Structure formats: C-alpha cells, structure tokens
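Now for the letters of each chain:
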Amino acid sequence: FGRMKPVIVVHGGAGRIFKEREEGSRAGVVRAALRGYGILKQGGSALDAVEEAVQSMEDDPHFNAGCGSVLNEKGEVEMDAIIMDGKNLDSGAVSAVKCIANPIKLARLVMEKTKHMLLTDRGAHLFAQAMGVPETPGEKLITERSRERWKKNLEPDSNPEEFQKDLGTVGAVAIDSEGNVACATSTGGLSNKLIGRVGDTACIGSGGYADNCSGATSTTGHGESIMKVVLARLILYHMEQGMSPERAADTALDYMKTRVGGLGGVIVVNNAGEWAARFSTKQMPWATVKDDQLHYGIHAGERYTKPVDEALASESGRF
C-alpha cells in the first residue's frame, strides 16, 4: 500500500481581474498553496491543508472572502463557507455570517462539533460565540475597494451584474499522503446582493464536494448557475465515468455555459493525485504544488512553474 504523493490546488475566484490587482492575486494564491503544501509535506491531513490555504486567502484583501468581501445591498459583509472530508463525506458549512474573520474555521467547527452540516446567520453567530470564536467588527472586514464598488452599484444607472463578473470566491482541494481528499470554499458572495442571499458556496455538491472514491473539487463563478447544475458533484460524476480531471472540468463547465449561460471556474484533484484548474471566465488565479513543483497562473493557457524551495525562499523575502 504505497503512500500517496500529496497535492494541493487553490483558486482565488473566477471572473475578471483588473490589471493592477493581478500581481497581488497571483502572490495570494501562491502563498496559500505553499502554506497548504507545508502541512501536507509534514504528513498533515488534506482537511488541515485546505483549511489553512483558504484561511490564508480569507486574510488577504485581494480576494472576495473574509477581509475584502463584497458588500450586500445594505453595505454589510455576509459570508458563506464550506469544508468537506472525502473519507466519510462529513461536511460543515456556514452561510450569511457576519463579523467573523475566518468563516472556513467556523465551517470546520460545524463539521466537527455538531451533528449538523449547515448553520446560517444568527444560529451560526450563536454557535461561533459558544465555540469562543473571536468577533471581528464588521468594518474591519470592509476594504476601501469593496465600499467604492458598493457605492458605484447603488447609482441609478449602474449595472451590478457587470461588476459581479469580478467575483473572487476562494477555494482549495488536496490529497494527503494517506490518500484522503478534502475541499474548502469561502466567499463574500455577489456585490449588492439581497440581504440573506446564499449562493453555491455553502451548498454541498455545488460549492464543493470531496469523496475519496473519486476526488475533490471546489468551484467559483456565478453561484445561481453553479447551483442549477450542482457543478462540483457533476465534475466528480464525470470522473467516476472515467474522465481525467481536466476533461471532467471542461465538460461540466461547457454544460453550465450551454444549459444555463453561466460562467465559472473549478479546481480538481482525483484520487490518483492528478489535478486540474479550469475556467470559462476571463481569468482565475490558481496555484498548485505537486512533486515539489509549484505551478500557477491567472489567464487561460498561462502556466508558470518553479521549484517549491525557490518559491519559499522568495516568499519569506516578501514578508
């Protein structure tokens, strides 16, 4: 029974990334992938690795999750997150949570400390208090950029739909040395969304799915479209039918586009450690580490590669 070579893949959201934010987005996904891989390399679990990677991006204001989340119609941050364990199909999720720096941590607690899978809004808040999760003032999570965009979208001739293309959910998938897979996804949702709107992220099978029998996937893009086709589970279904991660991802994204006109992106790892990062939007920052090689990109067809040691050396120099 050979030990698996661990793999982690992360995404920073499918959409449109403005030139001046490219560098930061790229650095953010690379950092997240390296952090998650650090855990796997020491024999840590896929679950810990995806949680760590997503937490890293929640703390990075370049992404629409945690700090940097977009604002709802009333100018508040409401976030969704999910985590799933491929070993036993356990999952935990939270939706419409406020004043929490790392929703992914709360999702993990829902999975491990309750008999439930999804807690929402006030109930999630009460649970967080009971678990001793520190409260972060709402305004601490709001960036200048999110507020600007919210104001712009309030103007009578604005078209929030236009801005919703610039989405930025974050996610991670991994396989550890034991061959267990896991996924994690976290988001601030759609800019100027209705209060209480929950998208695909918190929904099992849509925002993410993990099953040791096939693999794990985390999705990003237009939430309502993703929910209509149950995108994450659809990809795994295609892999169960014998498709490679890349083909399964492309097939599912094509279906979503033709059937419901939805755009998005996905990251996938199968139970053999093969991975893919695919998207039908203009861009999606992604990064992966396998065999001590880091790969990353933002634009379609773009793929940079460098040894992990080299990447880690330049990482530590950057902090």
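For clarity, every value in this text was computed on a predicted model and none was experimentally measured.

**Student:** Please explain the side chain of H11 as it appears in this structure.
**Tutor:** By secondary structure assignment, the location of H11 is in strand β1 (residues 7-11). The class for H11 is buried, based on a relative accessible area of 0%. A distance of 3.2 Å separates a polar atom in the side chain of H11 from the backbone nitrogen of G13. Here S218 takes part through its side chain, which lies 3.0 Å from a polar atom of the side chain of H11.

**Student:** Looking at this structure, how should I read the layout of surface pockets?
**Tutor:** Empty space left among the atoms is revealed by rolling a probe the size of a water molecule over them. Within this model, the largest pocket holds a volume of roughly 370 Å³. Forming the walls of the largest pocket are 17 residues, and the residues nearest its centre are E246, A277, R278, F279 and G301. Residue classes in the lining of the largest pocket are distributed as seven nonpolar, three polar and seven charged.

**Student:** I would appreciate a short explanation of the nonpolar core in the present structure.
**Tutor:** Note on soluble globular proteins: their nonpolar side chains tend to be buried together. Counting 49 residues, the largest nonpolar core has I8, V10, I83, L106, A287 and V289 as the members making the most contacts within it. Once you skip the residues sitting within four places of it in the chain, V10 turns out to touch V29, A32, A33, A53, M57, G171, A172, I267, P285, W286 and A287. One finds C183, A252, V268 and W286 within the second-largest nonpolar core, a separate group that totals 34 residues.

**Student:** Looking at this structure, I do not really get the sheet that holds strand β7 (residues 208-211). What am I missing?
**Tutor:** Spatially, the four strands line up as an open sheet ordered β7-β8-β9-β10, and their pairing is antiparallel. Because the sheet does not close on itself, it has two edges, and the strands there are β7 and β10 (275-279). Here the average twist between neighbouring strands, direction ignored, is 5°. With four bridges connecting them, β7 and strand β8 (residues 215-221) associate as antiparallel partners.

**Student:** I keep staring at the UniProt feature "binding site: substrate" (unreviewed entry) in the protein and nothing clicks. Help me out?
**Tutor:** In the numbering used here, UniProt assigns the "binding site: substrate" (unreviewed entry) feature to R197, V198, G199, D200, T220, G221, H222 and G223. In the annotated group above, the second largest cavity draws its lining from R197, G199, D200, G221 and G223. Its location among the elements puts R197 in the loop between β6 (181-187) and β7. Locating T220 in the fold gives a position in strand β8. For T220, a relative accessible area of 0% gives the class buried. In this structure T220 touches H11, G13, A14, T169, I226, G264, G265 and M284, once residues within four positions along its chain are discounted. Polar side-chain contacts of T220 include one of 2.8 Å to the backbone nitrogen of A14.

Conventions used here
Residues numbered from 1 in each chain as written. Predicted model: local features only at pLDDT ≥ 70, side-chain atom pairs only at ≥ 80, totals over all residues. Heavy atoms only, no water. Helix = DSSP H or I, 4+ residues; strand = E, 2+ residues; numbered from the N terminus. Buried < 20%, exposed > 50% of the residue type's maximum accessible area, 1.4 Å probe, protein only. Polar contact = N/O pair within 3.5 Å; in protein donor to acceptor, adjacent residues only side chain to side chain. 1 Å grid on protein atoms, 1.4 Å probe; cavity = no way out; pocket = protein on both sides within 12 Å on 5 of 7 lines; lining within 4 Å. Points joined across faces, edges and corners; volume = space filled by probe spheres on them. Nonpolar A, V, L, I, M, F, W, Y, C, P; charged D, E, K, R; others polar. Core = buried A, V, L, I, M, F, W, Y, C linked by side-chain atoms within 4.5 Å. Contact = heavy atoms within 4.5 Å. Pairing = 2+ DSSP bridges. Axes fitted to C-alpha atoms, helices over the stretch in contact; angles between N-to-C directions. UniProt positions renumbered as here; feature names shortened; annotations may be inferred.

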